[in-house]
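Listed here are the chains, written in short residue letters.
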Amino acid sequence: MTKEEQYQSVLPQIKSLISGETDLIANMANMVAVLHETFGFWWTGFYRVVPNTNDPVQPGELVLGPFQGPIACTRIPYNKGVCGTAWAKQSTVVVPDVHLFPGHIACSSLSKSEIVVPFFKDGQVFAVLDIDSAELNTFDEIDQKYLELLADSL
Ligand code: SME
């Protein structure tokens, strides 16, 4: 099966898995599990936008949510790293080689390429989906296209 066929088969499964449940964390957890198991990524998880209590003027920060894979950084500032950049730009960031991305936050030295997709509610980014690969050049416009189809489903 091609990657595109895998996404075409897995997306309806994810949508039906989350359609009967209203709890955000439970749905994030199952979405991450399906993607991680299907594609064998190195790390798959969500960071949620939360208010920054130390500095309420700031737009907030990202805090680690449901994930699969090794332990990860818990907090990421707005506009920092790949995740904070995707949040600030409100658009997907595909990174073929993390070592060439200025300001990349290395939670694991084994991560080599990455995609971060912002998730929206009422037009606002409320979380980002971050997927890491242990190989270079894993993610392309196919991953972007299908992962973005999930971005308003939670
Ligand atoms: N690399 C991310 C940090 C999160 S970990 O990859 C799980 C970044 O630069 O934002």
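See the structure above.
Heads up: these notes are all about the structure in this document. (Residues numbered from 1 in each chain as written. Predicted model: local features only at pLDDT ≥ 70, side-chain atom pairs only at ≥ 80, totals over all residues. Heavy atoms only, no water.)

Moving on, we come to the site of the ligand. In the vicinity of the ligand lie 13 residues, with Val82, Cys83, Ile105, Glu114 and Asp132 positioned nearest. Within the backbone of Cys83, a nitrogen or oxygen atom sits 2.9 Å from an oxygen atom of the ligand. One of the side-chain N or O atoms of Asp132 is found 2.9 Å from an oxygen atom in the ligand. Put simply, the parts of the chain that give the shell around the ligand at least two residues each are β1 (43-50), α3 (81-89) and β6 (124-133). Residues of the shell around the ligand, tallied by class, amount to eight nonpolar, two polar and three charged. (Near = heavy atom within 4 Å. Polar contact = N/O pair within 3.5 Å; in protein donor to acceptor, adjacent residues only side chain to side chain. Helix = DSSP H or I, 4+ residues; strand = E, 2+ residues; numbered from the N terminus. Nonpolar A, V, L, I, M, F, W, Y, C, P; charged D, E, K, R; others polar.)

What follows is about the pattern of salt bridges. For the structure on display, the rule yields four salt bridges. We note a salt bridge from Lys3 to Asp140, for which the minimum N-O separation is 3.2 Å. Linking Lys3 in helix α1 (residues 3-19) with Asp140 in the loop between β6 and α4 (141-148), this pair joins segments that are 137 residues apart in sequence. On the accessibility criterion, Lys3 (23% relative accessible area) is partly exposed. Each of Lys3, Asp140 and Asp143 takes part in one network of salt bridges that share partners. (Salt bridge = Lys/Arg side-chain N within 4 Å of Asp/Glu carboxyl O. Buried < 20%, exposed > 50% of the residue type's maximum accessible area, 1.4 Å probe, protein only.)

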